[in-house]
Structure formats: C-alpha cells, structure tokens
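Notes for the structure review
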Amino acid sequence: MTDRITLTRPDDWHIHLRDGDLLPHTVRDAARVFSRAIIMPNLVPPVRDGVEADAYKARILAARPQGSGFDPLMVLYLTDQTTPEIIRQAKLQGQAVAAKLYPAGATTNSQSGVTSLDNIQPALEAMADVGMPLLVHGEVTHSDVDIFDREKAFIDRHLVQVVERHRTLRVVFEHITTADAVDFVRQAPERVAATITAHHLLFNRNHMLVGGIRPHYYCLPILKRQRHQQALCDAVVSGSNKFFLGTDSAPHARHAKEAACGCAGCYSAHAAIELYAEVFDQLGALDKLEGFASFHGPDFYQLPRNRDQITLVRDAWMVPGSLPLGEQNVVPLRAGESIHWRVLTA
Ligand SMILES: NC(=O)N[C@@H](CC(=O)O)C(=O)O
Ligand SMILES: [Zn+2]
Ligand SMILES: [Zn+2]
C-alpha cells in the first residue's frame, strides 16, 4: 500500500472564488496547494470584457496570502452582446485566457448568459481564430428536458455542432457528469477536453437523496446515477490526457443551501487535492493522479507545467462542520467527517 505520493504541483482548471470579503478565504484555500487556477467569471454583474477581467484579477491578487505566487487565469463570460472585438482585445492585452459559455438560466448567476448560440457565432469565430479556448457549462435549460438529461441533451443539440462548425476552436466541456459526456470527449478531436470534479467522482445521486435530502451535495450539473459516476472514474483511471482537474469549488452560505430553495454548488477548495487523492487511491490508480492534476491541464492550455512539487501522505484528519468564510459560514464537502490524505507542508 502506498502511503505517500509526490506530485508536480497541481492547478485547478475550474474554480469560483466569488468576490468582496469572501476573496481572502477562497484565494487562501485555492493557493494552499494550487499554483494556478481558471477563475470562473459568474459574478453579478459578470466579467464581460478584458477591463472587467483585469479589475477582478487585481482584487484576487490583493487577496493572496503574503508571499503567495498563486496565478489567477482570467475568463470572460459570454453574453448575447459579446463581440469579436471584445475577444480579440482581451487576447491581445493578455487579459483573459478563455471565455465561458453559460446557457442563460443553466446555473448560479447565469441570468446574463447566452440565450441562443446563434448570438455568439461571431465571438466563437474570433476565439477559434485567436486561439482562445471555449469553456462550456453544458446543460440545456428547456423546461421540457429532465434535469438528469440536460447534459446529454446539450451534447446532442449544441456541442456536436459547435465542435464541427468551428474546426480550430479548443473546447473544455466543464464539470462533466455523465457517461455520454465521457464518450463524447473521447471520440471528439484532440482539441476537445473536459474537467472533472472531485465530488462527481466521489458521489452519485443516492448520496444526495437516500435517507433524507442533503443540500450540500446539490450542485449543477446535478449528481447522476452510479453508472455515470463509474464512467467518470474510468475516464480518469484511463490516464487519457483529455481529462483534467477542475474542482468547481463554489461556496454558498449555509443558510442559502439549507433552504426551501437551496443554491447549487459544493465547496471543496479546503481539501481539493486530498479528496482527489482519496478517489484515485480507492480506484487503485494513484499513479494516474499526477497526469490528471498537474500535466493534462497545462498541456491543453499550452502553458508550462509547474516545476515544484507537493507531497501527500495517508493520514486521516477531520474536516470542521462549517468554515467561516468572511461574514458567512460555509459547509464544505466532508464536513464533520474525515479525509484520508493530507498535504505535507514543507
Ligand atoms: N456548480 C454549481 O453548482 N454552481 C456554480 C456554477 C457552475 O459551475 O455551474 C456556482 O457558481 O455556484
Ligand atoms: Zn457550471
Ligand atoms: Zn463552476
């Protein structure tokens, strides 16, 4: 049994840091282990252009712990109004590394999202042209589509066409949750990849719904049945470079989740790499963790791999029942339970 593993320092290719007085807490948790992170732009109002990305980046940098070299990689939020000029300018100025498609109404703070893909064709053409990857929250929003089928419907109705139509566009299918998404990404061209969260590897919808409803497991895309969880695990164990780490750590205050209409999002930044280590360990695939966490992401984004390393040891610790994040309390993943791996601090 392996009790210790050393990895090239990982990055998080999908995280929500939020803003304001949450920032010092979310940035500290992300920067604890990750060297870089793709910063999701779904603020209110969202990060719509290079100037807004620069301003948000400055707030993140100001919130870093002393001495931290944490590097936030900024992302534009596509709206019906996003022009090719906005894309070209942000790329030219180095203000954003990617742009994110939120179908309007699909998830938290997606009110300003895209109402029809027709509206962003010129922006997508510009992205393909300048080499700016498209990041996708891949769920349809039509009320006639069951919430458990929304990811597959998005592939069939939209993603296939986007990939076919824009032949040089690089695409990251974010936080995939189904066997259908795994199959789609596998058979797609090299320029199509996906992030996978720790919680979609660890849990299925039974964890959320059997024996009582557990709002802290509620996120979007929603946890699916076990067969899909297994397909995600198979994808990471395969070692394919098309799959990489993106926590989708997304804090919501306890009162906003433990409510009659609770918010979607799980907080995992307090223990992200530890939770992934646990999954890979359970799958007997600790040797595949470094590729997934530290190599496939930078390779896809055409960025250098990190040079330094972290070490994880098999050593259980208890996660607090709740974490103070600024004025708010957040119930993190594994709250009040133990995690079997720990990061060795130098
Ligand atoms: N994943 C979630 O359930 N929530 C995210 C938004 C998102 O990534 O879809 C959030 O911002 O809270
Ligand atoms: Zn999303
Ligand atoms: Zn997200």
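What you see is a predicted model; the values in this text were computed from it and never measured. (Residues numbered from 1 in each chain as written. Chains lettered and ligands numbered in written order. Predicted model: local features only at pLDDT ≥ 70, side-chain atom pairs only at ≥ 80, totals over all residues. Heavy atoms only, no water.)

1. A few points about the coordination of the zinc ion (ligand 2)
For clarity, the threshold we go by: Sites may look incomplete because water is not among the atoms; the donors themselves are N, O and S atoms within 2.8 Å of the metal, or within 3.2 Å for Na, K and Ca. Just to be clear on the cut-offs, tetrahedral is four donors with all angles between 85 and 135 degrees, square planar is four donors and octahedral six with opposite donors over 155 degrees apart and all others between 65 and 115, and anything else goes down as irregular. Note on conventions: DSSP H or I runs of at least 4 residues are helices, E runs of at least 2 residues are strands, and numbering of each starts at the N terminus. Only protein chains enter the calculation, and the probe is 1.4 Å; a residue is then buried if its accessible area is under 20% of its type maximum, exposed if over 50%, and partly exposed in between.
Protein coordination at the zinc ion (ligand 2): the donors are H137 (ND1) and H175 (NE2), at 2.0 to 2.1 Å from the metal. Because the angles between the four donor atoms bound to the zinc ion (ligand 2) fall within 54 to 148°, the donor set is best described as irregular. Taken as an interatomic distance, the gap from the zinc ion (ligand 2) to the zinc ion (ligand 3) is 3.8 Å. Residue H137 is found in the loop between β6 (134–136) and α5 (150–165), and its partner H175 is found in the loop between β7 (171–173) and α6 (179–187); the two are separated by 38 residues along the sequence. Since its relative accessible area comes to 1%, H137 is described here as buried. By relative accessible area, which is 2% here, H175 ends up buried.

2. Observations regarding empty space enclosed by the protein
Applied cut-off: Each cavity reported here is a set of points on a 1 Å grid over the protein atoms alone in which a 1.4 Å probe fits but cannot get out, each pocket an open set with protein on both sides within 12 Å along at least five of seven lines, and each lining residue one with an atom within 4 Å of a point. Grid points are joined across faces, edges and corners, and a volume is the space filled by probe spheres set on the points. Nonpolar residues are Ala, Val, Leu, Ile, Met, Phe, Trp, Tyr, Cys and Pro. Charged residues are Asp, Glu, Lys and Arg, and all others, Gly as well, are polar.
In the structure shown here, the tally under the stated rule is two cavities of 30 Å³ or more. Lining the largest cavity are 18 residues, with H16, T107, L220, D248 and A250 sitting closest to its centre. Taken as a whole, the second largest cavity spans an internal volume of roughly 50 Å³. What lines the second largest cavity is simply H216, A250, P251, H252, K257, G265, C266, Y267, V330, V331, P332 and L333. When its residues are assigned to classes, the lining of the second largest cavity shows eight nonpolar, three polar and one charged.

3. Considering the packing of aromatic side chains
The cut-off we apply is this: Only Phe, Tyr and Trp rings take part, Trp by its six-membered ring, and two of them pair if their centres are within 6.5 Å. Stacked means planes under 30 degrees apart, edge-to-face means over 60, and tilted covers everything else. Geometrically, a charge over a ring is one whose NZ (Lys) or CZ (Arg) sits within 6 Å of the ring centre while staying within 35 degrees of the ring normal.
Summed over the entire model, instances satisfying the criterion amount to ten aromatic pairs. Seen in terms of ring centroids, W13 and F244 are 6.4 Å apart; in terms of plane orientation they differ by 75°. Their pairing is edge-to-face. Here the residue W13 occupies a position in strand β2 (residues 12–15), and F244 occupies one in strand β9 (residues 243–245), the gap between them amounting to 231 residues. Accessibility classification places W13 together with F244 in one group, the buried group. Clustering of aromatic rings is evident, with ring pairs tying together W13, F244, F300 and Y301. The lysine or arginine in question, R205, covers the ring of F148, its NZ or CZ lying 4.5 Å from the ring centre.

4. What to know about the coordination of the zinc ion (ligand 3)
For the zinc ion (ligand 3), the protein coordination sphere consists of H14 (NE2), H16 (NE2) and D248 (OD), at 2.0 Å. One can describe the donor arrangement at the zinc ion (ligand 3) as irregular, given that its four donor atoms subtend angles of 92 to 140° at the metal. Read in sequence order, the donor residues for the zinc ion (ligand 3) give the motif H-x1-H-x231-D. Classification of D248 by relative accessible area gives buried; the value is 7%.

5. Considerations on the sheet that holds strand β10 (residues 309–318)
Put simply, the rule reads: Pairing between strands requires that DSSP locate at least two bridges from one strand to the other. Note on geometry: axes are lines fitted to C-alpha atoms, helical ones only across the stretch in contact, with angles between N-to-C directions running from 0 to 180 degrees.
Spatial strand order, β1-β10-β13: three strands in an open sheet with antiparallel pairing. Of all strands in the sheet, those bounded by a partner on one side alone are β1 (4–8) and β13 (338–344). Taking each pair of neighbouring strands and ignoring which way they run, the sheet shows an average axis angle of 35°. Alignment of β1 against β10, held across five bridges, turns out to be antiparallel.

6. Remarks on helix α9 (residues 226–237)
Our working definition: Take the number of residues in a helix, subtract one, and multiply by 1.5 Å to get its expected span. Between two residues, a contact is recorded if the distance between any of their heavy atoms is within 4.5 Å.
With twelve residues, α9 extends 16 Å from end C-alpha to end C-alpha; this agrees with the ideal 16 Å at 1.5 Å per step. Residues of α9 that are buried: H228, Q229, A231, L232, C233, A235 and V236. In this structure, the buried side of α9 is in contact with α6, β8 (192–196), α7 (198–202), β9, α11 (272–282) and α12 (289–301). In the segment just after α9, G239 is the residue with positive phi, at about 80°.

7. What about α12?
To keep it simple, the criterion reads: The term bend refers to the angle at a residue between two fitted axes, each drawn through seven residues, those ending there and those starting there.
With 13 residues, α12 should reach 18 Å at 1.5 Å per residue; the first-to-last C-alpha distance of 18 Å fits that figure. Its maximal kink placed at F295, α12 deviates by approximately 40°, while the proline P298 follows within four residues. Those residues of α12 not exposed but buried are L289, G291, F292, A293, S294, F295, H296, G297, P298, F300 and Y301. Looking one or two places after α12, you find Q302, whose phi comes out positive at around 60°.

8. Observations concerning the environment of V51
In this fold, V51 is placed in helix α2 (residues 50–62). By relative accessible area, which is 60% here, V51 ends up exposed.

9. So, the packing of α5 against α6
Inclusion rule: Reported orientations rely on four angle classes, namely roughly parallel under 35 degrees, roughly antiparallel over 145, roughly perpendicular from 65 to 115, and oblique for the rest. We call a crossing left-handed when the near helix sits turned anticlockwise from the far one by less than a right angle, and right-handed when that turn is clockwise.
α6 packs onto α5 with a crossing angle of 15° between their chain directions and a minimal axis gap of 10 Å. One finds that α5 runs roughly parallel with respect to α6. As α5 packs across α6, the resulting crossing turns out to be right-handed. In this structure, α5 contributes E151, K152, I155, L159, V160 and V163 to the contact, and α6 contributes D180, A181 and F184.

10. What to know about the site of ligand 1
What counts here: Proximity is defined per residue: if any heavy atom of the residue lies within 4 Å of a molecule or strand, that residue is considered near it. Under this definition, polar contacts are N or O atom pairs within 3.5 Å; protein pairs additionally need one hydrogen-donor-capable and one acceptor-capable atom, and for neighbouring residues in sequence, both atoms have to be side-chain atoms. Per-residue accessibility takes into account occlusion by the displayed protein chains alone, with areas from the Shrake-Rupley method and a 1.4 Å probe. For this analysis, a molecule is said to be in a pocket or cavity if more than half of its atoms are within 2 Å of the grid points defining it.
Near ligand 1, the surroundings consist of 15 residues, among which R18, T107, L220, D248 and H252 are the closest. A distance of 2.7 Å is found between a nitrogen atom of ligand 1 and a side-chain nitrogen or oxygen belonging to D248. Here ligand 1 has 310 Å² of accessible area as a free molecule, and 100% of this is covered by the chains. Of all the cavities here, the one that holds ligand 1 is the largest cavity. Of the residues contributing to the shell around ligand 1, the split by class is four nonpolar, nine polar and two charged.

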